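# Examining the three-dimensional arrangement
For reference, the chains in residue letters:
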Amino acid sequence: MSFDQHDLFELERSIMEAYLREADISTHFQRKSSSATLTVKDLELEDGKPSIRDETLKLEVLEAWRKLVFFMKKENVFQDYVENLSEAFKEVLVADKSLYRHLHTLTNLLINTAENKARDNSTECRFVTLLEVILSYGRKWSPSEEVSRFWVRLSQRIPSDVPAVNFRRKAYRVLVSLSWVPSSKGLLEACSFEESRQRIDPTKSPSRVRAQIEKIQDRPQPRFDCVNQVLDRLKDETDVRVAITSEREGLGKTTLAALVASHPSILRVFKVLWLNIQKVSMTYDRYTQLLDELCEQLDVSLEWPRPIKRFEESALKEIRDQDLMKVACSKMCEMLESREDNILLVLDDVIDGKVIDLFRFSERQSIIVTTAAALTGVDWSVELGYLSEEESIELFLTEAGFPFDHILGLTVEVRKIVNQCDRHPLTIRTVARWFRMKSVTAGVAAGMAEILQDLAHLKEVDDDMTLNSDDDEVKGEKSAAPFLFDVLSLALGPKRVEEGSNQTILFFMCLASMVAIFPRKTPLDTLLLLWEQLLKSDSHAVDEMSHFDADSLPPAQLKKLALKQAVFVAEGLTHMGIIIVSEENGNATVEVHHQIYRDFALYMAKQMDLAETYEETVQNWNKAFVTAYFTQQIQGTLEELEQNSQTYATKQLPSHIFKAKMFPIAETVLGESNFFHARIECMGWDRAVDCHIDDCFMLQQALNKSIEEETGHAPRLSPVFEQIASVLTEQLENDRADQSLTFAIAFAVCKIGIALAENGHHEAATEYLEKSWSMSPDSEELQAKLLYFSGWVQLCTNQCERALKMVRGSRRIIEDSAVEHEMLYDVLQLQADALVGECEYREALAFLVDTIETLRPNAEKHRIEFGMLLLKKSLVEVVMGYLDRAKASFTECVEWKSRTNETSRSLSLAHKYLGDIAIEQRKVSEAREHYENGLHVLDSLKIGTDDVDHLLLTGRAKILRKDWDGCIEALKQARHLIVDKPNVSMDQSAADLRYIARTYHQRGDCDDAVSVLQDSLSLTDLRLYSLERSAGLLELANVLLDQDQPSEGLLCLEQSLEISILKLGECVQLLDTLNAIGNVHLSLGAYEEALTVFYKVDELTRRIAPDDVERIAGVLYSIGEVHDAKKDFTEAVEKFNECMEVLRLQRSQDHPHIAKALQRLGDVTVLQKDYDTAYNYFVEALRIRKIDTDERNLAETMHSLGVLRRKQKQIDVAQETLLDALEIRQRLGNGRETGETLLELGNIYRLKGNAEDAISLYEKSLEVLEQKDDIRGSVYLALSHAQLSEGLDKKALKCCEQALSIRLAAYGKDNLKTGNVSRSLGIIRYLFNNGDEALVHLNEFVRVIEMNDDEDNEEEGDDVDYLLSVLLMFDIHKANGREEQARNLLEVAKDVCEESEDVREQLPELIEMTERRIKMQEEKVAHKEVEKEKKGLLARLNLSNEEGVLGKLMLEPSECETMRKIPFIDD
């Protein structure tokens, strides 16, 4: 359709001219031009003026048209329909005044549609249809092309001769069928329907629906359009699901559902049922309670399956609950299918779409859901919007106590109020009730003025708080209805005249206490009992009440006044519509009208400063209620309470006592037989017993926490359990002839035992289970259960033999039964646990394999049990060392649980072990995926990050992310939790602690590793042949070996070996232990013994694990290490190469173990000074390790390559490589390795002549190394030489002495490393001219060198060190006159110079020093010969003078400088 801008201007001009004419006419007749300027004062309501509003004026219709065109121009919408609008306006001008109201409604709806143009894709159809309805009021109307075109898309045909009335009615149905319907007051009548025919009769509604409607003052706002929109979705059909939604709470979703459910068209077709879901999670107990409510409404009775007690994690219990829900749902379906009713079920307050399926019982059933969430599982969603202004005004008038068509609705003030309330129904209702109370005391005009003033102020304050508040509580709790909260705050807490600006708190306190401590519906007597106690005991309340009566009141008067005020508060809250008093079974009950009111009450409870904290406030309120109840009991007036109050106390009193922390009273109440019997009478046997036991354990948990916090001592077991057991025993003695009662009592005692066991009181649990056995009649069912439960308890206390006997007894009873027992596979699982507990691993594994294969055909029926059996089989395979089999079993377990939609801790556990196995197989990416999947499972279960399973997985994941600090922190917390509450089943906790210890060991924290392993081993102290104990001993041995405790380590290995041989024979665990024993011999220097062990491991591995390439390669590597230690380098290289070939033939060329062998080959060839070959080895190792992503190994190879390049004189390349290694090692946080690389970098700087930077690097190395680390000796020695080169002689001497102390302690005096320190000390003392001390150190150096004289052991620079030391010793002997010793030393120096090429290459200055001394010695000898020929006195005098300087070293400055600059690397 084309659009001409001129047509729009013409339409606007016509509207304005008509409006001005009508305004002149209104002024001429001296009446208000419109309701736009009508005020409350103009009405003079108190003088008896008319109260019913006039008919809609033409001027009001014209005003609406002005707004419509203005908005169309402003927003540039629907301007293509100007021609039709012009035609419609012409009809408006000549319309009969009886049509003004309809035309006004339709025009306002056009405006509303234009305002919401972008809301959905049906707004244009809505606009065209509404416009056509206006046109249909014309004299010669026929359907336009535009409306016909849109309706064809909706499969609606319009006959050209259709009567206007019929068209309008059809148009209404089209409008309510669209996805969104604007809320309006008069659309129904404007479309030629009689409003009276649409009104409902609440008396004909079902009682549950009627209860919702009766909450509303006078009558509910009809909201015909929304009702008809829902009805359109239902279309008199069944199996339709409609959701009523809204963007905010308090818009009337529940009321709308009630209106629909009460509609005559619905009642003709459906039997209406109503359930209040209450936004709570759907447990099985809650579900069956709701089903019972449905049965009550249907006047039928059904029994639901009872949950079976099992010892399993809560996630599996929830899955079983879901299965039970399906069974219960099926029973409900069968019952409804047998009836002829069509059912309409209203589910009020749903937050989860899954709930809908739980209540879909029949194809002859439809469902209406009210929800604030976007739900899945519905066919249609009807979004409930805000009220129209006219509807808002009617609601205000009704709630304020006026007729809905009262003239007050035309005033400016009322329109302003409803718009300030955002046309939000609950806010309007609250303000109207508030206005009603004000108008009673102040009159309508004054009350209206006060309301407007208060609302204006609240708007300003609320906007300011919303924009500027930094308080999360203000933004969070008030976010749902901030303005309404402020209205309630002012309405319930007006300022007290006596106190100036202080607000009254009585209403706040009473409402908040009601919501905080009572359920949604509470007996009125019970509520007044609390309020009376609060008002007479709370100092704030007493202070406020005293202003109404006297300054001080005696107790009797205070009690009377408190009761009076409590009743006054109840009446006031009722008048305000905040609480509703209704009748149930002849007794008065109270509930809060709306959830927003409840939220407000809780918000105020947290804002009031009645105690230090909100929790303490609630505790005091509960204490007040308990005090009031027992005061009534003492005074003997409990009987005066209504029956529902007494019933409430019987059910709920203990919970109030717990919340009040009145634990001694709780023990008294729960131990009373009268109270227990009252519960049985009130709740029935099963519910009463379960409720009472649950309360007893709530008490026990509260006592545990209280005692531990106050004393730190272990909690005692409350006597209530014994008292209840005594009550049950006494009843059994009185009625032993009743077999069913005997069974019930015995099972009740059994439940006590089960509950005690679940809470860790195993000794007491055993006592009660035995007591139940002694009570039990000849019931195989109960006996089987008792044996199962008793076996579980015995297993928890490591009484595995007894546990196994009991479980086998339970299994025997079950298998002898004629029918399949529901707990058969639980018993079989427990038998597997008991076999593992008895350390019968082979039998356990065979038993599990057989059980799994037996169950496999019916696995779907027992899906949880099948998954758990797979998991247990996997765990046994892991502990037996069958990693490949375990991986396959864990994978099957994960796939099964995933396929059956099981999300549980056990699924997370399977992922954890798969990750561990992947780590063993060097598949880091796979491990990371499994750890992350395990964490995802725990997160989906909403398990906190402080949970032990979460911490263990977090620690593993952080290792792979190189976050060692985060890993250690997580595992440290996990350790404390495990030690506090270990899980002995399948040795889970012992295995977890062993993993933590291994992580500490990898970090180099050996002391912590030993401590954790001791905790782990303590968990298997009663099971000395546990394979987990064997693994723990093996781990402990490895740590002890690293702590240089070979004897203790060997003892652990022997114990581990004994367990492995006894339980597994020749197995992979045996290989691991023998490997460790071989390493002990290697560390002790017993090389032949080590070779014997390793060759035995090689032979066993090739026989029992021929396909385990990694193990075969590993033992070859170990043999190579022994030969390396023996200095049999040729043999070592051969074995390392053989190790590589094995891996290359059967594994990838990039296998990480190949890199490990290459690394050792590089180390060996460096010792052989074959630097080029070593370089090739290191480069290839580096390539593989870059692929492997193990950064610690990567840094090791980088470090070795850097050292090699330094030896090859490639100083810059060496520095770059070492810096790369340093970056990784610093990130990993390993102090020893970081210190080692810093030392090497310092050496690089010394070789570059930059002693200052070298000193800095050495000092940093000392900072990161631990005090006990032997590398500190090397650092101190290097630091001393760097300081010596800078002239810092005293510091150099001190560092050198530190190095000597460390190396003597670490290696002993005969080690070359210790000898090197003696050399350096000799040089320093020589430079200090301390000849005798220098000689001692230099003699010690030469002794160690000659003692360790071995060509294969020579390090680079040995000849330099030796020659220099000999020369200095020569100087000292020479200075001291020991000519013969000096002469012999010079001959040695001469020989070294002639034989050693290293000296000439590395330090030619030493050759010069030697030659100089030789020359000086020859000259001296010649001089002496000449002197002998001279016999005169002068010769004798000269000789005497020469002897006078003996002991004084004549230091040559150039030689001293040479000695200071010698780097002495690789010391």
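Going by the structure above, here's the rest.
Here's what I pulled together on the structure shown here. Fair warning: this is a prediction, and the values are worked out from it, not measured in the lab. Residue positions are given per chain, counting from 1 as you read along its sequence in written order. Thresholds applied to this predicted model are a pLDDT of at least 70 for local features of residues and 80 or more for the giving and counting of side-chain atom pairs; totals over whole chains, interfaces and linings are not thresholded and use all residues. Heavy atoms from the whole structure form the basis of all side-chain values; hydrogens and water molecules are not counted.

In terms of regular secondary structure, the chain is built from 70 helices and eight strands. In this description the radius of gyration comes from C-alpha coordinates, and the expected globular size is given by 2.2 Å times residues to the power 0.38. Here the C-alpha radius of gyration of the chain, 47 Å, is well above what a compact globule of 1467 residues would show, namely 35 Å. With the C-alpha coordinates of the chain rotated into their principal frame, the extents come out at 165 × 95 × 80 Å. Categorising residues by exposure relies on relative accessible area from a 1.4 Å probe, with only protein chains included: less than 20% of the type maximum marks a residue as buried, more than 50% marks it as exposed, and the intermediate range marks it as partly exposed. A burial count over the chain gives 54% of its 1467 residues as buried. Residue contacts are defined here by distance: any two heavy atoms, one from each residue, within 4.5 Å place the two residues in contact. Counted over contacts in the chain with a minimum sequence separation of 6, partners at least 24 positions apart contribute 67%. Starting at the N terminus, helices and strands are each numbered in turn, a helix being any DSSP run of H or I of at least four residues and a strand any DSSP run of E of at least two.

Expected helix span is taken as 1.5 Å per residue step, with the number of steps being one fewer than the number of residues. Between its first and last C-alpha, helix α57 (residues 1191–1207) extends 24 Å over 17 residues, near the 24 Å set by a 1.5 Å rise per residue. Among the 17 residues in α57, 14 count as buried, and that is most of the element. Downstream of α57 by one or two residues, K1209 has phi in the positive range, about 70°.

Below, the discussion takes up a nonpolar patch on the surface. To count toward a patch, a residue needs a relative accessible area above 30% and no salt bridge. Like charges then connect within 9 Å, nonpolar side chains (Val, Leu, Ile, Met, Phe, Trp, Tyr) within 5 Å. Only the protein chains shown count as covering a residue, and every accessible area follows the Shrake-Rupley method with a 1.4 Å probe. For this analysis, a salt bridge means a side-chain nitrogen from Lys or Arg found within 4 Å of a carboxyl oxygen belonging to Asp or Glu. Side chains of L1024, Y1025 and L1062 sit close together on the surface and give an oily, nonpolar patch of about 300 Å² of accessible area. Position of L1062 relative to the elements: it lies in helix α50 (residues 1046–1064).

Let's shift gears to the packing of α57 against helix α59 (residues 1231–1247). Packing of α57 against α59 leaves a shortest axis separation of 11 Å and a crossing angle of 20°. Relative to α59, the element α57 is oriented roughly parallel. The element α57 and its partner α59 pack so that their crossing is left-handed. Here α57 contributes R1192, H1199, V1203 and R1206 to the contact with α59, which in turn contributes E1233, E1236, T1237, E1240, I1244 and L1247. Think of it as three bins: nonpolar holds Ala, Val, Leu, Ile, Met, Phe, Trp, Tyr, Cys and Pro, charged holds Asp, Glu, Lys and Arg, and polar takes everything else, Gly as well. Here the residues of the contact of α57 with α59 sort into three nonpolar, two polar and five charged. Convention adopted: a line fitted to C-alpha atoms gives each axis, helices being fitted over their contacting stretch, and angles between N-to-C directions are expressed from 0 to 180 degrees. Reported orientations rely on four angle classes, namely roughly parallel under 35 degrees, roughly antiparallel over 145, roughly perpendicular from 65 to 115, and oblique for the rest. Handedness of a crossing follows from how the near helix is turned relative to the far one, being left-handed for an anticlockwise turn of less than a right angle and right-handed for a clockwise one.

When DSSP finds at least two bridges between two strands, those strands are taken to pair. Read from one edge to the other, the open sheet built from five strands follows the order β2-β3-β4-β1-β5, with strand pairing classed as parallel. Sheet topology places β2 (271–276) and β5 (380–383) at the edges, where each strand pairs with a single neighbour. Going across the sheet, the axis of each strand differs from the next one's by a mean of 20°, ignoring polarity. As paired strands, strand β1 (residues 241–245) and strand β4 (residues 365–371) are joined by five bridges and run parallel to one another. For R241, the partnering residue across the bridge sits in β4 and is I367. Packed on one face of the sheet, helix α15 (residues 284–298) meets β2 and β3 (343–348) and runs near 150° to β2.

A few words now on the packing of helix α61 (residues 1271–1285) against helix α63 (residues 1312–1327). α63 packs onto α61 with a crossing angle of 25° between their chain directions and a minimal axis gap of 11 Å. By the angle between their axes, α61 is roughly parallel relative to α63. In the packing of α61 onto α63, the handedness of the crossing is left-handed. Only V1317, R1319, S1320, I1324 and L1327 of α63 make contact with α61, whose side of the interface consists of L1277, H1281 and L1284.

Look at helix α46 (residues 964–980): 24 Å from first C-alpha to last across 17 residues, which is about the 24 Å you get at 1.5 Å a residue. Every buried residue of α46 is listed here: W964, G966, C967, I968, A970, L971, A974, R975 and I978. As for α46, its buried residues are in contact with α45 (948–960), α47 (988–1003), α48 (1006–1018) and α58 (1211–1228).

Further remarks concern the nonpolar core. We call a set of buried Ala, Val, Leu, Ile, Met, Phe, Trp, Tyr and Cys residues a nonpolar core when their side-chain atoms join them within 4.5 Å. F396, L408, L511 and W531 are the most contacted members of the largest nonpolar core, which totals 262 residues. Top element by residues in this core is helix α35 (residues 739–758). It accounts for 12 residues. Apart from the residues lying within four places of it in its own chain, the contact partners of W531 are C510, L511, S513, M514, A566, V569, A570 and L573.

The next point concerns the packing of aromatic side chains. For Phe, Tyr and Trp, rings pair up if their centres lie within 6.5 Å, where Trp contributes its six-membered ring, and each pair is then called stacked (planes under 30 degrees apart), edge-to-face (over 60) or tilted (otherwise). Taken as a whole and judged by the stated rule, the model has 27 aromatic pairs. For the pair F697 and F721, a centre-to-centre distance of 4.7 Å together with 50° between the ring planes defines the contact as tilted. Highlighted residues: F697 in helix α33 (residues 685–710) and F721 in helix α34 (residues 720–734), separated in sequence by 24 residues. Here, a charge over a ring means that NZ of Lys or CZ of Arg falls within 6 Å of the ring centre while also lying within 35 degrees of the ring normal. Here the basic side chain of R66 rests over the ring of Y19, its NZ or CZ set 4.4 Å away from the ring centre. In this structure, K1156 is placed above the aromatic ring of Y1117, and the distance from its NZ or CZ to the ring centre is 4.5 Å.

Let us now look at the pattern of salt bridges. Opposite charge on two side chains allows them to pair when their charged atoms are near. According to the stated counting rule, one finds 88 salt bridges in the structure shown. Across the pair K309 and E758 runs a salt bridge, and its minimum N-O distance is 3.2 Å. Here K309, found in the loop between α15 and α16 (314–337), pairs with E758, found in helix α35; they are 449 residues apart in sequence, far enough to count as distant. Given a relative accessible area of 35%, K309 falls into the partly exposed group. In this structure E758 comes out as partly exposed when scored by relative accessible area, which is 30%.

Take the sheet that holds strand β8 (residues 587–592) next. Hydrogen bonds between backbone groups are what pair the strands of a sheet, and the pairing can be parallel or antiparallel. Strands sit in the order β6-β8-β7 across an open sheet of three strands; the sheet is antiparallel. At either margin of the open sheet sits one strand with a lone partner, and together these are β6 (521–523) and β7 (579–584). Across this sheet, the average inter-strand angle for adjacent strands is 35°, counted without regard to direction. In this structure, β6 lies alongside β8, joined through three bridges in antiparallel fashion. For K521, the partnering residue across the bridge sits in β8 and is E591. Where helix α24 (residues 506–517) meets the sheet, its contacts fall on β7 and β8, and the angle it forms with β8 comes to roughly 95°.

Even without being glycine, K661 reaches a positive phi, approximately 60°. Locating K661 in the fold gives a position in the loop between α30 (643–659) and α31 (663–671).

Here we come to the environment of S645. Along the chain, the position of S645 falls in helix α30. On the basis of relative accessibility, which here comes to 2%, the residue S645 falls in the buried class. On a C-alpha basis, the gap between S645 and N587 in space is 8.7 Å, while along the polypeptide they are 58 residues apart. When near neighbours in sequence (up to four residues on either side) are disregarded, S645 contacts P523, D525 and T526.

Moving on, we come to the environment of L294. Inspection of the secondary structure assignment puts L294 in helix α15. A residue is classified by how much of its surface remains accessible, and L294, at 0% relative accessible area, is buried. With 21 residues separating them in the primary sequence, L294 and L273 have C-alpha atoms 6.8 Å apart. Apart from the residues within four sequence positions on either side, L294 is in contact with L273, L275, M332, L345, F359 and F361.

This next bit is on a negative patch on the surface. Lys and Arg are tallied as positive, Asp and Glu as negative. Neither His nor the chain termini are counted. The atoms used to mark charge sites are NZ of Lys, CZ of Arg, CG of Asp and CD of Glu. There is a patch of like negative charges on the surface, built from E1387, D1391, E1394 and E1395. Looking at the secondary structure, you find D1391 in helix α66 (residues 1379–1395).

Among the five residues that make up β1, five are buried, leaving the element largely enclosed by the rest of the structure. Side chains of β1 alternate between two faces, with R241, A243 and T245 and V242 and I244 buried alike.

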